[in-house]
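Single-letter residue listing:
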Amino acid sequence: MIDLEEEQSDAWPDEPKEFNPETDIGPEIPSVKMPNSDVSDIPDDVFRTFWSLVLTFNVALFALSLGAMLMYFRADYWTGGPVFAIGALSLVYGLAKYRAHQNR
């Protein structure tokens, strides 16, 4: 005869006894201490260049995608073409400004 108690205890030997999502999923996450940073530590020219490039590349991405969609989906080349051109010019201007700042 088969002992039912032994059969039930070893029914799933590879399965953990109780699942705890905080400890059983992935590695332990280390704590990170952030140093005290202040915006005043950043040089003024770097700060201004960074935010002007953020704005320039956002305009470039928006105008390139909107112009391309207008030309492709609506076949509106009179509106989509200039919008796409503004995006391309913004992208070229941003890249030139980035390289000029990087070479300083």
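Since the structure is predicted, the reported quantities are computational estimates derived from the model, not experimental observations.

**Q** Break down the overall build of the protein for me, citing the residues and quoting the values.
**A** The helix and strand tally for the protein stands at four helices and zero strands. From first element to last, N terminus to C terminus, the protein shows the α and β order α-α-α-α. For the protein, the proportion of its 104 residues judged to be buried stands at 12%. For the protein, long-range pairs separated by at least 24 residues make up 52% of all intrachain contacts whose partners lie at least 6 apart in sequence. Counting every atom, the protein has about 9,700 Å² of accessible surface; 63% of that belongs to carbon and sulfur.

**Q** Describe the side chain of Thr56, and please don't skip the residues or the numbers.
**A** With respect to the helices and strands, Thr56 occurs in helix α3 (residues 44-73). Thr56 sits in the buried class, given a relative accessible area of 14%. What Thr56 contacts, discounting residues up to four positions off in sequence, is Ser90, Tyr93 and Gly94.

Cut-offs and rules
- Residues numbered from 1 in each chain as written.
- Predicted model: local features only at pLDDT ≥ 70, side-chain atom pairs only at ≥ 80, totals over all residues.
- Heavy atoms only, no water.
- Helix = DSSP H or I, 4+ residues; strand = E, 2+ residues; numbered from the N terminus.
- Buried < 20%, exposed > 50% of the residue type's maximum accessible area, 1.4 Å probe, protein only.
- Contact = heavy atoms within 4.5 Å.
- Areas by Shrake-Rupley, 256 points an atom, 1.4 Å probe, with all protein chains shown as cover.

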